[in-house]
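Below are the chains, spelled out letter by letter.
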Amino acid sequence: MSNRVIPPEVEVLGQSIMAMIGGMELLKARAQRILAENGIPQLEPMRWYSMRSAITAIQSIEQKIGPVTMRAVGRKIPEHAKFPSNIRLLEDALRSLDVAYQMNHRGQQSGNIGGYRFEPAKGGHGGQMICDNPYPCNFDHGIVEALCERFRPKDAMWVRVEHSPQSCRHKGDFACTYQMTW
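From a predicted model like this one, the values you see are computed outputs, not experimental measurements. (Residues numbered from 1 in each chain as written. Predicted model: local features only at pLDDT ≥ 70, side-chain atom pairs only at ≥ 80, totals over all residues. Heavy atoms only, no water.)

Some remarks on the packing of helix 5 (residues 90-103) against helix 6 (residues 137-150)
Right, so step 1: Their axes nearest at 9 Å, the elements helix 5 and helix 6 cross at an angle of 150°. Between helix 5 and helix 6, the angle is such that the two are roughly antiparallel. The element helix 5 and its partner helix 6 pack so that their crossing is right-handed. On helix 6, the residues that touch Leu90, Ala93, Leu94 and Leu97 of helix 5 are Ile143, Val144, Leu147 and Cys148.
Right, so step 2: Tallied by class, residues from the contact of helix 5 with helix 6 come to eight nonpolar, no polar and no charged. (Axes fitted to C-alpha atoms, helices over the stretch in contact; angles between N-to-C directions. Helix = DSSP H or I, 4+ residues; strand = E, 2+ residues; numbered from the N terminus. Parallel < 35°, antiparallel > 145°, perpendicular 65-115°, else oblique. Left-handed = near helix turned anticlockwise from the far one by under 90°. Contact = heavy atoms within 4.5 Å. Nonpolar A, V, L, I, M, F, W, Y, C, P; charged D, E, K, R; others polar.)

Printed below as a string of structure tokens:
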């Protein structure tokens, strides 16, 4: 888990938080209860909510329900959150992840809340995503997997996303790195 301090004025868009419920369809009532316990009693798509509350709720979901559910929650982010339009290629989708992160958060002037940085591999059949934000590893892993599946190159049979053991926020590192090959 990231040790990053989130300034109190930083907010996240409600439709982005809706991924929590989307990723927990069989546990919808429990997801809503966890959100309410963390200061988000009514979720409205176009309303802004405290990022601190959202992060606390996400951490609670991972602790109480587990890492598989957290990864499923992350996989729902591309369906619910604002993303740049006209994305056609996987590398464009991966590069746009930081733009999407900025579109779904506001109030960052007083503090750095991190982001996402894609670095393509030489040869064009992979790359790495560096995530230095306060969200859990499994959450980010799910987001990257979902983008890779949705925008998988037509000539690729598969896309593999693996969390690099050399860089992990859960172990106290500043960022998590995900290796992607296709």
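Overview of the environment of Ala81
Right, so step 1: In this fold, Ala81 is placed in the loop between helix 4 (67-80) and helix 5.
Right, so step 2: Between the C-alpha atom of Ala81 and that of Ser16, which follows or precedes it by 65 residues, the distance is 4.3 Å.
Right, so step 3: If sequence neighbours within four positions are ignored, Ala81 has contacts with Gln15, Ser16 and Asn104.

What about the sheet that holds strand 6 (residues 160-163)?
Right, so step 1: One open sheet accounts for four strands, arranged 4-5-7-6; its pairing is antiparallel. Since the sheet does not close on itself, it has two edges, and those belong to strand 4 (116-120) and strand 6, each with one partner. When the angles between neighbouring strand axes are averaged without regard to direction, this sheet yields 20°.
Right, so step 2: Two elements, strand 5 (residues 126-131) and strand 7 (residues 176-181), share six bridges in a ladder whose sense is antiparallel. Residue pairing for strand 7: Gln128 is matched across the bridge by Gln179.
Right, so step 3: Against the sheet, helix 5 contacts strand 4, strand 5 and strand 7, and its axis sits at roughly 160° relative to strand 4.
Right, so step 4: Against the sheet, helix 6 engages strand 4, strand 5, strand 6 and strand 7, with an angle of about 165° to strand 6. (Pairing = 2+ DSSP bridges.)

Purely spatial values, then, with no claim about function.
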